[in-house]
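What the coordinates show
Okay, here's what each chain looks like letter by letter:
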Amino acid sequence: PAGHKWKAVQHDQKATWLAMWQENINGAYKYVMLGAASDVKGQSDYKKFEKARELKKHIDKIRKDYTRDLKSEIMADRQRATAMYLIDKLALRAGNEKDTENEADTVGCCSLKYEHVTLEPPNTVTFDFLGKDSIRYNESAEVELQVFKNLKLFKKAPKRDGDDLFDRLTVRR
């Protein structure tokens, strides 16, 4: 419109929004999204569910591998196995790095911080964090003893609030 100009035009094939702007009242970011019934959205969902069907063929081996790696001497493998256990058994979203300047400070399993996890012996873990769509996830769960021991190790000093729980993981889309 007259008197306005675009800040930028982006071509991002992975974005689910068509337009984004920063609101002038409280500075929140607003998005224009594709409709749930749109062809483009439908194709994306179709691919996602097809990938899940393919995963069904491999899940037993994946579980066997991550269960073995829960005791790995290599810390990156142990962290990956523990994160996979939490994603699989507790249905946590994987989570990944993002641009916190343009997105809410939400997390998933792989981006959990020290303060998001509280350990209660012998094997109860309490999670408290903002998840997808800024919905608070505050749940306790009993986990396998090895997973509890791993989380205790991952929270060991000198780690403190603000530090990544899974500091040896790299997450890619």
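Let me sum up the structure you'll find in this document. (Residues numbered from 1 in each chain as written. Predicted model: local features only at pLDDT ≥ 70, side-chain atom pairs only at ≥ 80, totals over all residues. Heavy atoms only, no water.)

A closer look at the packing of aromatic side chains
All told, the structure shown has five aromatic pairs when counted by the stated rule. Between Tyr-66 and Tyr-85 the ring centres are 6.4 Å apart and the planes differ by 85°, which places this aromatic pair in the edge-to-face class. One end of the pair, Tyr-66, is in helix α2 (residues 59-69); the other, Tyr-85, is in helix α3 (residues 75-90), with 19 residues separating them in the sequence. Tyr-85 matches Tyr-66 in its accessibility class, with the two residues each being buried. Joined through ring pairs, the aromatic side chains of Phe-127, Phe-129 and Tyr-137 make up one cluster. (Phe/Tyr/Trp six-rings, centres within 6.5 Å; stacked < 30°, edge-to-face > 60°. Helix = DSSP H or I, 4+ residues; strand = E, 2+ residues; numbered from the N terminus. Buried < 20%, exposed > 50% of the residue type's maximum accessible area, 1.4 Å probe, protein only.)

Quick word on the environment of Asn-24
Along the chain, Asn-24 falls in the loop between β1 (17-22) and β2 (29-33). For the pair Asn-24 and Ser-134, spaced 110 residues apart in sequence, the C-alpha separation works out to 21 Å.

Quick look at the packing of α2 against α3
The N-to-C vectors of α2 and α3 enclose an angle of 130°; their axes lie 8 Å apart at closest approach. Taken together, α2 and α3 sit at an angle that is classed as oblique. Viewed along their axes, α2 and α3 form a crossing whose handedness is left-handed. Taking contact as the criterion, the partners of Ile-62, Arg-63, Tyr-66 and Asp-69 in α2 are, on α3, Asp-77, Arg-78, Arg-80, Ala-81, Met-84, Tyr-85, Asp-88 and Lys-89. Looking at side-chain class alone, the contact of α2 with α3 contains five nonpolar, no polar and seven charged residues. (Axes fitted to C-alpha atoms, helices over the stretch in contact; angles between N-to-C directions. Parallel < 35°, antiparallel > 145°, perpendicular 65-115°, else oblique. Left-handed = near helix turned anticlockwise from the far one by under 90°. Contact = heavy atoms within 4.5 Å. Nonpolar A, V, L, I, M, F, W, Y, C, P; charged D, E, K, R; others polar.)

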